[in-house]
Every structure is written in structure tokens, then in C-alpha cells.
Amino acid sequence: EVLDMGKPAAGVIVHKGKVVKGYPKVGDDAIATVDIQRRRDIMRNHSATHLLHAELRRVLGEHARQAGSLVAPDRLRFDFTHPDAITSDQLIQIEAGVNQHILGDFPLKTTIKPLQQAISEGAMALFGEKYADTVRTITIGGEKPFSYELCGGTHVGETGDIGICLITSEGSVAA
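Residues numbered from 1 in each chain as written. Predicted model: local features only at pLDDT ≥ 70, side-chain atom pairs only at ≥ 80, totals over all residues. Heavy atoms only, no water.

**Structural notes on the pattern of salt bridges**
When their charged atoms lie close together, side chains carrying opposite charge are able to pair. Let me state the cut-off plainly: Between Lys or Arg on one side and Asp or Glu on the other, a salt bridge is scored when a side-chain nitrogen of the former is within 4 Å of a carboxyl oxygen of the latter. Here a strand is any run of E in DSSP of at least two residues, a helix any run of H or I of at least four, and the numbering for each starts at the N terminus. Each residue's exposure class comes from its accessible area (1.4 Å probe, protein chains only) as a fraction of the maximum for that residue type: buried when under 20%, exposed when over 50%, partly exposed otherwise.
Throughout the structure, instances matching the rule amount to seven salt bridges. The residue K18 makes a salt bridge to E1 at a minimum N-O spacing of 4.0 Å. Here E1 lies in the segment before strand 1 (2-9) and K18 lies in the loop between strand 2 (12-17) and helix 1 (36-60), a separation of 17 residues in the sequence. Here K18 falls in the partly exposed class, since its relative accessible area comes to 46%.

Put into C-alpha cells, the structure is as follows:
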């Protein structure tokens, strides 16, 4: 059972876990399987972060940018920059906008392209991360995309697969 994952160096992914059956030793073959339901839940929440980011920027302004997130099977947390408290009307607008995008059942388009091309086309790159020369982009919104970001995460095929997005709380990190 995989308990944690990390990227200690560029191009290296390490999974940490526990043996739940048998007594493996060096040189043994292993079979890895994905918990499909857990993966689908994570896909929905990860794709929802892109919709939430787009709506935060639309309602609060272009300065509202992702500063971190947690994507779990049962929830997501989205950290972002914004100098003021968000009003209840703004929260309602943001939640409604995300759900309109979900109901629009827009396809998520994944493309692999050169980093400089993606940046020049307006793809959002986050966190000052170091990116390879070739990147993966996610575009959401059909003919008039409302989200275009560099992203290597797992996603749904269409926004309608997300289901519904409910904002359960909002608060300042300082609080």
C-alpha cells in the first residue's frame, strides 16, 4: 500500500509504502495497481482546482493567483493570494461560476508543447517552479477557454465529470 510519494530530484519519483501481503525481497517482481475510485475522486478535485482558480481571478481580479493546494479524494484546499477578506457575495459568485463551468460539460484538452510556446500563448505557470523544455498544458473552456495552465496532474475528461463544487469554508492563513 502506497502511503506517500515524493520527488527528491528532477525526473525521480519515489513511492513509500508498506507490504500488505507476502514477504518481498530484493529482485522480486511486484505488481502495482491503482485504486480506481480514489484516482477518480482525485481527478475530480484536481480538475475543480483549475475551475476555482479561474473563477477566483474572474471575481477577485487577475492578482488572485494560486499559492498552493491540497487535492485529496474527499476534498480540496486551494491557497491563493488576495489582500482582502472575501465577501459572502463574492463566495456565492465564485461557487456559482465554478458550478456553471461544471454544468457546461467542457472538455479538458491536454497538449504537450515547448515551454516557451505555452508561456507565449498565455499559459499560467505557477509557484516559480522549474519546468522542463517541454511541458503539458491543460485547456478548459472550448472555443473561448477560461483556464489555460501548465499542469502534470490527473484530470477528468469533461468538467461535467466533477459533479458539484461546494465551498465549505474560506479563511486567511494568518487567521
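**With respect to the nonpolar core**
General note: in soluble globular proteins, nonpolar side chains tend to be found buried as a group. Applied cut-off: The set of buried Ala, Val, Leu, Ile, Met, Phe, Trp, Tyr and Cys residues whose side-chain atoms join them within 4.5 Å is what this entry labels a nonpolar core. Only heavy atoms matter for contacts: two residues are in contact if any of them lie within 4.5 Å across the pair.
Ranked by size, the top nonpolar core spans 20 residues in total, and within it L56 and L60 carry the most contacts. For this core, the secondary-structure elements that each account for two or more residues are helix 1, helix 2 (88-103) and strand 6 (134-140). No other element matches the seven residues that helix 1 contributes to this core. In this structure, L56 is in contact with G61, A64, F78, F80 and I94, ignoring residues within four places of it in sequence. The next biggest cluster of nonpolar side chains, apart from the first, holds six residues, and it includes A118, A123, V135 and Y148.

**Details of the side chain of E149**
We apply this condition: Counting of polar contacts relies on pairs of N or O atoms within 3.5 Å, with two restrictions inside protein: one atom must be capable of donating a hydrogen and the other of accepting it, and residues adjacent in sequence are counted only when both atoms are side-chain atoms.
Summarising the element assignment, E149 is placed in strand 7 (residues 147-150). Reaching out from E149, the side chain makes a polar contact with the side chain of H50 at a distance of 3.4 Å. Of the polar contacts made by the side chain of E149, one reaches the side chain of H53; its length is 3.3 Å. Setting aside chain neighbours within four positions, we find E149 in contact with H50, H53, Q66, M124, L126, R136, T137 and I138.

**Description of unusual backbone geometry**
Phi is positive for D105, close to 50°, though the residue is something other than glycine. Examined against the element boundaries, D105 turns out to sit in the loop between helix 2 and strand 5 (108-114). Judged by relative accessible area, which is 42%, D105 ranks as partly exposed.

**Re the sheet that holds strand 5**
The test is simple: A pair of strands is considered paired only if DSSP assigns at least 2 bridges between the two. Note on definitions: angles span 0 to 180 degrees between N-to-C directions of axes, and those axes are lines fitted to C-alpha atoms, for helices only across the stretch in contact.
The three strands are arranged 5-6-7 in an open sheet whose pairing can be described as antiparallel. With one partner strand each, in any of the chains shown, strand 5 and strand 7 form the two edges of the open sheet. Neighbouring strand axes in the sheet, compared pairwise and without regard to direction, differ in orientation by 25° on average. Helix-sheet contacts for helix 1 involve strand 5, strand 6 and strand 7, and the interaxial angle to strand 7 is about 120°.

**Observations concerning the pairing of strand 6**
Counting buried residues in strand 6 gives five out of seven residues, a clear majority hidden from the surface. Summarising the sheet, strand 5 and strand 6 pair through seven bridges and their orientation is antiparallel. Each bridged residue has a counterpart across the sheet, and for T111 the counterpart in strand 6 is T137. Summarising the sheet, strand 6 and strand 7 pair through four bridges and their orientation is antiparallel.

**So, the environment of S120**
When you line up the elements, S120 lands in helix 3 (residues 115-120). Taking relative accessible area as the criterion, S120 reaches 61% and is therefore assigned exposed. As a C-alpha pair, S120 and L91 span 29 residues in sequence and 32 Å in three-dimensional space.

**Things to note about the packing of aromatic side chains**
As a reminder, the rule being used: Two rings from Phe, Tyr or Trp (for Trp, the six-membered ring) form a pair when their centres sit within 6.5 Å of each other. Planes less than 30 degrees apart are called stacked, planes more than 60 degrees apart edge-to-face, and all others tilted.
The final tally for this structure, using the stated rule, is two aromatic pairs. A centroid spacing of 5.3 Å and a plane angle of 80° characterise the contact between F106 and F146, whose relative ring orientation is edge-to-face. Within this pair, whereas F106 is found in the loop between helix 2 and strand 5, its partner F146 is found in the loop between strand 6 and strand 7, the two being separated by 40 residues in sequence. Classification of F106 by relative accessible area gives partly exposed; the value is 25%. Of the residues examined, F146 reaches a relative accessible area of 24% and is grouped as partly exposed.

Any link to function would need more than the numbers given here.
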